[in-house]
Amino acid sequence: MAQAGRVHLDTLLCQQLLGADLLQSADNIGVYLPIRSEPDLSACYAQWRAQGRRGARRGRAPLTFRVWEAGAPLRTAAFGVQVPETDETVVPDVLVIPCVGFRVLDGRPYRLGYGGGFYDRTLALPAFRTTG
C-alpha cells in the first residue's frame, strides 16, 4: 500500500480509537510501536498522554507491560520490537493490540499477527478479560 494510503488509514483508525467508549475511562493503556505493516497509532498515544493517561509497552511472553513515557529510552527486543528500558511494570486497563488482519471462523473473529502467539498467551492470563 502506498504511504499516503497507509497514513490516511492510520488516521481513520486513530479517530475510531479516540472515540471508543472502552478507552474513555482507561488510565493505563497497553500500546505498541508498529513493526512491518502494523498501523502507526502514535497520534492516539500523544493525545492520550496529553489527557494524563499512561502508556505501557509490551515486554516478554506472556507479555509484561512497562511504563512508557514520550521520549523515554527504548531498546530493541526480539523481532525488532522497541521496548522501554525501565523495569516499572503495570497491568493495563485496556490493550491496543496490533493486527495485520483477521478472519472469521465459526462465527468468531481471530486476529492475525506475525505468528508468535505472544498476545494470545497474555490474554489467556486471569489479569485480562477480553471483549469482542
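Model, not experiment: these values are computed from the prediction. (Residues numbered from 1 in each chain as written. Predicted model: local features only at pLDDT ≥ 70, side-chain atom pairs only at ≥ 80, totals over all residues. Heavy atoms only, no water.)

## Some remarks on the packing of helix α1 (residues 3-18) against helix α3 (residues 42-50)
Step number 1: α3 packs onto α1 with a crossing angle of 35° between their chain directions and a minimal axis gap of 8 Å. Facing α1, whose interface residues are Cys14, Leu17 and Leu18, α3 presents Ala43, Cys44, Gln47 and Trp48.
Step number 2: Residue classes in the contact of α1 with α3 are distributed as six nonpolar, one polar and no charged. (Axes fitted to C-alpha atoms, helices over the stretch in contact; angles between N-to-C directions. Helix = DSSP H or I, 4+ residues; strand = E, 2+ residues; numbered from the N terminus. Contact = heavy atoms within 4.5 Å. Nonpolar A, V, L, I, M, F, W, Y, C, P; charged D, E, K, R; others polar.)

## Notes on the pairing of strand β8 (residues 108-112)
Step number 1: When strand β7 (residues 101-105) meets β8, the two strands line up antiparallel, connected through five bridges. Bridge pairing in β8 links Val104 to Pro109.
Step number 2: In this structure, the hairpin formed by β7 and β8 is closed by a connection of two residues, where Asp106 is found at a positive phi of approximately 55°. (Pairing = 2+ DSSP bridges.)

## Let's talk about the pattern of salt bridges
Step number 1: Taken as a whole, this structure holds two salt bridges when the rule is applied.
Step number 2: One salt bridge in this structure joins Glu88 and Arg54, with 3.4 Å as the shortest N-O distance. Of this pair, Glu88 sits in the loop between β5 (82-84) and β6 (94-95) while Arg54 sits in strand β2 (residues 54-58), placing them 34 residues apart in sequence.
Step number 3: Between Arg66 and Asp87 there is a salt bridge, and its shortest N-O distance comes to 4.0 Å. Linking Arg66 in strand β3 (residues 65-68) with Asp87 in the loop between β5 and β6, this pair joins segments that are 21 residues apart in sequence. (Salt bridge = Lys/Arg side-chain N within 4 Å of Asp/Glu carboxyl O.)

## A closer look at a nonpolar patch on the surface
Step number 1: A contiguous nonpolar patch, built from Met1, Leu9 and Leu12 and spanning about 320 Å² of accessible area, is present on the exposed surface.
Step number 2: Within the fold, Met1 resides in the segment before α1.
Step number 3: A relative accessible area of 71% means that Met1 is categorised as exposed. (Patch = residues over 30% accessible without salt bridge, like charges linked within 9 Å, V, L, I, M, F, W, Y side chains within 5 Å. Areas by Shrake-Rupley, 256 points an atom, 1.4 Å probe, with all protein chains shown as cover. Buried < 20%, exposed > 50% of the residue type's maximum accessible area, 1.4 Å probe, protein only.)

## A few points about the packing of aromatic side chains
Any aromatic ring pair is given by two values, namely how distant the centres are and how the planes are angled relative to each other.
Step number 1: Going through the model one piece at a time under the given rule, you end up with two aromatic pairs.
Step number 2: On the numbers, 6.0 Å between centres and 85° between planes, the contact of Tyr45 with Trp68 is edge-to-face. In this pair, Tyr45 is assigned in helix α3 and Trp68 in strand β3, connecting sequence segments 23 residues apart.
Step number 3: Among the aromatic residues, ring-to-ring pairing joins Tyr45, Trp48 and Trp68 into one connected group.
Step number 4: Note that Arg49 overlies the ring of Trp68, its terminal NZ or CZ placed 5.2 Å from the centroid. (Phe/Tyr/Trp six-rings, centres within 6.5 Å; stacked < 30°, edge-to-face > 60°. Lys NZ or Arg CZ within 6 Å of the ring centre and 35° of its normal.)

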